Amino acid sequence: MPPFSEVTRIEAAIKNKSSKELEWSLWYCRMRQTVPSARPADLKYWRGIEALVKETMAGPVEAKVYPAKKKKAGRGLGLGPVDAGKDS
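Presented here is a report on the structure given in the accompanying data block. (Residues numbered from 1 in each chain as written. Predicted model: local features only at pLDDT ≥ 70, side-chain atom pairs only at ≥ 80, totals over all residues. Heavy atoms only, no water.)

### Topic: the packing of helix H1 (residues 5-16) against helix H2 (residues 19-33)
When two helices pack together, their arrangement is given by the angle between the helix axes and by the axis-to-axis distance. Following both chains from N to C, one finds H1 and H2 inclined at 135°, their axes separated by 9 Å at the closest point. Considered as vectors, H1 and H2 are oriented oblique to each other. Both H1 and H2 take part in a crossing whose hand is left-handed. Contacts between H1 and H2 involve Glu-6, Arg-9, Ile-10, Ala-13 and Ile-14 from the first element and Glu-21, Leu-22, Trp-24, Ser-25, Tyr-28 and Cys-29 from the second. Looking at the contact of H1 with H2 residue by residue, the class counts come to seven nonpolar, one polar and three charged. (Axes fitted to C-alpha atoms, helices over the stretch in contact; angles between N-to-C directions. Helix = DSSP H or I, 4+ residues; strand = E, 2+ residues; numbered from the N terminus. Parallel < 35°, antiparallel > 145°, perpendicular 65-115°, else oblique. Left-handed = near helix turned anticlockwise from the far one by under 90°. Contact = heavy atoms within 4.5 Å. Nonpolar A, V, L, I, M, F, W, Y, C, P; charged D, E, K, R; others polar.)

Structure representation (structure tokens):
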């Protein structure tokens, strides 16, 4: 059985990131959740699709960039660089 045309339309909206289609998809997901005869599995499915649509509408989240500390020369676990030519 092929998927319903509405589900195909929502999948295409998520893939293409079309704002008008994403708005319609969000409305459709919410409408399907308010149907009185909806089964719990259907409600869970449409909540998940609604979350995908919202995530797509929000766009990518920018990664937070923290300032890097500058390392001081000659610091580390040991006492510093070891000279190979020096006898102990």
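### Here we look at unusual backbone geometry
Positive phi values are uncommon outside glycine, yet Lys-17 reaches one of about 55°. Relative to the elements of secondary structure, Lys-17 occurs in the loop between H1 and H2. Overall, the relative accessible area of 58% leaves Lys-17 in the exposed class. (Buried < 20%, exposed > 50% of the residue type's maximum accessible area, 1.4 Å probe, protein only.)

### As for the nonpolar core
Val-7, Ile-10, Ala-13, Leu-22, Trp-24, Leu-26, Tyr-28, Cys-29, Trp-46, Ile-49 and Val-53 form the largest nonpolar core, which has eleven residues in total. Among the secondary structure elements, those contributing two or more residues to this core are H1, H2 and helix H3 (40-58). (Core = buried A, V, L, I, M, F, W, Y, C linked by side-chain atoms within 4.5 Å.)

### Regarding the packing of H2 against H3
One can describe the packing of H2 onto H3 by two numbers: an axis separation of 9 Å at closest approach and a directional angle of 160°. With respect to their mutual orientation, H2 and H3 come out roughly antiparallel. In this structure, H2 meets H3 at a crossing whose hand is left-handed. Taken together, the residues of H3 that come into contact with H2 (itself represented by Leu-22, Glu-23, Ser-25, Leu-26, Tyr-28, Cys-29, Arg-30, Arg-32 and Gln-33) are Leu-43, Trp-46, Arg-47, Ile-49, Glu-50, Val-53, Lys-54, Thr-56 and Met-57.

### Examining H2
In this model, H2 (15 residues) spans 21 Å end to end at C-alpha, consistent with the 21 Å of a helix rising 1.5 Å per residue. Along H2, the residues classified as buried are Leu-22, Trp-24, Ser-25, Leu-26, Tyr-28 and Cys-29. Against H1 and H3 lie the buried residues of H2. (Expected span 1.5 Å × (residues − 1).)

### Here's the deal with the pattern of salt bridges
Close approach of charged atoms allows side chains of opposite charge to pair. If you walk through the whole model with that rule in mind, you get four salt bridges. Across the pair Arg-9 and Glu-21 runs a salt bridge whose closest N-O atoms are separated by 2.7 Å. With Arg-9 in helix H1 and Glu-21 in helix H2, this pair connects stretches of sequence that are twelve residues apart. Of the residues examined, Arg-9 reaches a relative accessible area of 37% and is grouped as partly exposed. On the basis of relative accessible area, Glu-21 is assigned to the partly exposed category, the value being 25%. Each of Arg-30, Glu-50 and Lys-54 takes part in one network of salt bridges that share partners. (Salt bridge = Lys/Arg side-chain N within 4 Å of Asp/Glu carboxyl O.)

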